[in-house]
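Structural features, examined
What follows is each chain in one-letter form.
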Amino acid sequence: MNVIYLDKEYLTDEHYALALGFFDGLHQGHLALVDEVKKIADEKHLKSAIMTFDRHPLSLLKNEKCQSLISSNDRIELLADMGIDTLFVIRFTMDVAKLSPQAFIDQYLKHVDHLVVGFDFHFGHKNKGDVSSLSHQHFEVSVIAPIMYDEKRKVSSTLIKELLTSGNVEEANRLLTRPFSIRGEVVHGKKRGRTIGYPTANVDFDSYYVIRRGVYGVRVKLNDSVYYGMGNVGINPTFNELSNDLLEVHIFDLDEDLYGKTIKVEFIKFIRDEKTFSNIEELKLQLKKDEEQIKKTLTITKYSI
Ligand SMILES: Cc1cc2nc3c(=O)[nH]c(=O)nc-3n(C[C@H](O)[C@H](O)[C@H](O)COP(=O)(O)O)c2cc1C
Ligand SMILES: Nc1ncnc2c1ncn2[C@@H]1O[C@H](COP(=O)(O)OP(=O)(O)O)[C@@H](O)[C@H]1O
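Residues numbered from 1 in each chain as written. Chains lettered and ligands numbered in written order. Predicted model: local features only at pLDDT ≥ 70, side-chain atom pairs only at ≥ 80, totals over all residues. Heavy atoms only, no water.

Note the threshold: UniProt positions are given in the numbering used here, feature names are shortened, and annotations may be inferred rather than shown by experiment.
An unreviewed UniProt entry annotates the protein chain as Riboflavin biosynthesis protein originating from Kandleria vitulina DSM 20405. Looking at the Sequence similarities (unreviewed entry) heading of the UniProt record, one finds this comment for the protein chain: "Belongs to the ribF family." Under the UniProt heading Function (unreviewed entry), the note attached to the protein chain is "Catalyzes the phosphorylation of riboflavin to FMN followed by the adenylation of FMN to FAD."

Here is the structure:
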């Protein structure tokens, strides 16, 4: 897949079927758009493309902390696996934000023969453009109906974040169509884990959505290998030393120096909340119980979601 970063307009002789959006999470709803783009590209002999932004528009416009459900690397990897030919990434600046809907179309969609958007798509200055602004243009338009979660709510990044905040990681994973994951480099911690029999790889992550604090059954990807383990998101209240949330994982059946390596932690099942123990022995006993419980559940589900 070609990844093309856009500052200004893009000149090309290619013709595209293209879906436009931020696609945070690449969840069920987004995948309906991706499937439609591929289908139309096939039928009309066009290149298939996704057009997105390098950061969430709201993070610039409202200075909101918009932590993503997926890293841009993972998003690129997934779209490539899905068979998309080209990913256009618009560098989102105030100049882009100020473009009127028509100016946006003129600047970025010249090479588009068929545009695919979701039913509630908005774009252009102050989000004034919507599906009606896309008629009478040089492209055909497909508008994709919402994929619903229940009678009232559509599948959305906001809903998935709510599920993750409440510990319902299995339901979030179902809507994402893959486990929610955090990728990062293994960094040095307090070196306490190894002394209590549970070395933990501390994962340095910054721009991700932080899920509910607590203990999870996890799957860990390191280079080309897959491991299982138990992860903890929180502040280790027993030791009362941390102010920021930490993600750490103890990987089952592994004894290896992981410092400096990048691992991907996939969250499979929420086990319990983080607790404050009165001493290390109690924490150790609990970790043993967690290990047994997680090994049992992960075996039952055959380590899959
Ligand atoms: C599966 C798991 C569950 C944990 N649960 C708790 C907990 O409930 N309370 C707590 O204070 N720390 C908890 N911890 C964090 C430990 O306190 C921490 O791993 C230990 O202090 C080692 O820290 P270090 O990696 O900085 O050496 C947990 C860690 C893991 C891996
Ligand atoms: N099974 C394992 N799971 C996680 N980390 C492991 C494992 N075996 C060895 N390690 C290594 O041990 C380190 C964790 O030991 P720990 O005493 O908790 O130190 P730190 O406080 O620096 O995380 C990891 O970063 C990794 O390099």
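1. Structural notes on the sheet that holds strand β12 (residues 262-272)
This is how it is decided: By the convention used here, strands pair only if DSSP detects at least 2 bridges between them. Per the convention used, a helix needs a DSSP run of H or I reaching at least four residues, while a strand needs a run of E reaching at least two, with both numbered from the N terminus. Throughout, an axis means a line fitted to C-alpha atoms (over the contacting stretch in the case of helices), and angles, computed between N-to-C directions, take values from 0 to 180 degrees.
With respect to topology, six strands assemble into a closed barrel ordered β7-β8-β11-β10-β9-β12, the strand pairing being antiparallel. The average undirected angle you get between the axes of adjacent strands in this sheet is 45°. Where strand β7 (residues 181-187) lies against β12, five bridges are found, and the strand directions are antiparallel. Each bridged residue has a counterpart across the sheet, and for glycine 184 the counterpart in β12 is isoleucine 263.

2. Considerations on the nonpolar core
How we decide: Residue types Ala, Val, Leu, Ile, Met, Phe, Trp, Tyr and Cys, when buried and joined through side-chain atoms within 4.5 Å, form a set referred to as a nonpolar core. Any residue under 20% of the maximum accessible area for its type is buried, any over 50% is exposed, and the rest in between are partly exposed; the area is computed with a 1.4 Å probe on protein chains only. Throughout, a contact is declared for two residues whenever any of their heavy atoms are within 4.5 Å.
Leu164, Leu247, Val249, Ile263 and Phe267 are the most contacted members of the largest nonpolar core, which totals 32 residues. Dropping the residues within four chain positions of it, valine 249 is found in contact with Pro199, Thr200, Ala201, Val218, Val220, Met230, Gly231, Ile263 and Val265. Among the nonpolar cores identified, the runner-up in size contains 26 residues, and Ile4, Ile90, Ile105 and Tyr108 belong to it.

3. Points about the packing of aromatic side chains
What counts, and what does not: Stacked, tilted and edge-to-face pairs are distinguished by plane angle, under 30 degrees for stacked and over 60 for edge-to-face with tilted covering the rest, among Phe, Tyr and Trp rings (Trp via its six-membered ring) whose centres lie within 6.5 Å.
All chains considered together, the criterion is met by eight aromatic pairs. Ring plane angle 65° and centroid distance 5.9 Å describe the contact between phenylalanine 104 and phenylalanine 123, whose orientation is recorded as edge-to-face. Residue phenylalanine 104 is found in helix α5 (residues 101-108), and its partner phenylalanine 123 is found in the loop between β5 (112-118) and β6 (140-144); the two are separated by 19 residues along the sequence. Taking 5.3 Å as the distance between ring centres and 15° as the angle between the ring planes, the aromatic pair formed by phenylalanine 121 and phenylalanine 123 counts as stacked. Judged by relative accessible area, phenylalanine 121 falls into the buried class, the value being 13%. Owing to a relative accessible area of 5%, phenylalanine 123 belongs among the buried residues under this scheme.

4. Things to note about the site of ligand 1
Using the following cut-off: In these notes, residues near a molecule or strand are those with any non-hydrogen atom within 4 Å of it. Polar contacts, as counted here, are pairs of nitrogen or oxygen atoms within 3.5 Å of one another; within protein the pair requires one atom able to donate a hydrogen and one able to accept it, and residues that are adjacent in sequence qualify only if both atoms are side-chain atoms. Calculation of accessible area relied on Shrake-Rupley with a 1.4 Å probe; when residues are assessed, cover is drawn exclusively from the protein chains displayed. Polar here means any residue other than Ala, Val, Leu, Ile, Met, Phe, Trp, Tyr, Cys and Pro, which are nonpolar, and Asp, Glu, Lys and Arg, which are charged; Gly is therefore polar.
The local shell around ligand 1 holds 21 residues, among which Arg192, Thr200, Thr238, Glu248 and Lys275 are the closest. Arginine 272 is positioned such that a nitrogen or oxygen atom in its side chain is 2.8 Å from an oxygen atom of ligand 1. Alone, ligand 1 offers 630 Å² of accessible surface; in the complex the protein occludes 98% of this. Sorting the residues of the shell around ligand 1 by element identifies β10 (225-234) and α8 (280-300) as the ones contributing at least two each. Taken together, the residues that form the shell around ligand 1 break down as seven nonpolar, seven polar and seven charged.

5. A word on α5
Convention followed: Directions are taken from the helix axis to each C-beta atom, and the arc is the one they span.
Among the residues of α5, those classed as buried are Pro101, Phe104, Ile105 and Tyr108. Projected onto a plane normal to the axis of α5, the buried residues spread over an arc of 100° and lie on a single side. Tucked inside the fold, the buried residues of α5 contact β1 (2-6), β2 (16-20), β3 (47-53), β4 (86-90) and α4 (94-97).

6. Structural notes on the domain arrangement of the protein chain
The condition that has to hold: These domain limits were set by an automatic method or by a database of domain assignments. Summed over both partners, the accessible area lost on bringing two parts together, with a 1.4 Å probe, is the buried area. One side-chain nitrogen of Lys or Arg within 4 Å of one carboxyl oxygen of Asp or Glu is enough to make a salt bridge.
Each assigned domain of the protein chain is listed here: domain 1 (2-144) and domain 2 (172-300). Between the C-alpha centres of domain 1 and domain 2 there is a distance of 35 Å. Each side of the interface is counted separately: domain 1 has 13 residues, and domain 2 has 14 residues. Both sides of the domain 1 and domain 2 interface together cover about 1100 Å² of buried area, and 46% of this is carbon and sulfur. Among the residues domain 1 hides against domain 2, the three largest losses belong to Gln28, Gln67 and Leu69. Together they make up 45% of the total. Between domain 1 and domain 2 we count two salt bridges in total. Close ionic contact of glutamate 77 with arginine 183 constitutes a salt bridge, the shortest N to O distance being 3.7 Å.

7. Quick look at the packing of helix α6 (residues 157-165) against helix α7 (residues 169-176)
How we decide: What sets the label is the angle itself: under 35 degrees gives roughly parallel, over 145 gives roughly antiparallel, 65 to 115 gives roughly perpendicular, and the rest give oblique. Throughout, a crossing is termed right-handed when the near helix is turned clockwise from the far one, and left-handed when it is turned anticlockwise from it by less than a right angle.
Close contact between α6 and α7 brings their axes to 7 Å; oriented N to C, the two are set at 155°. As judged from the angle between their axes, α6 and α7 are roughly antiparallel. The handedness of the crossing between α6 and α7 comes out as left-handed. From α6, Leu159, Ile160, Leu163 and Leu164 reach across to α7, where they touch Val169, Glu171, Ala172, Leu175 and Leu176. Here the contact of α6 with α7 is composed, by residue class, of eight nonpolar, no polar and one charged.

8. Topic: the pairing of β3
The criterion, for reference: With its strands directed away from the observer, a crossover is right-handed exactly when the path from the first strand over the helix to the second travels clockwise.
Burial within β3 is extensive, with six of its seven residues counted as buried. Between the parallel elements β2 and β3, the chain passes through helix α1 (residues 28-44) in a crossover that is right-handed. Sheet topology note: the β3/β4 ladder contains five bridges and is parallel. Bridge pairing links methionine 51 to phenylalanine 88 in β4.

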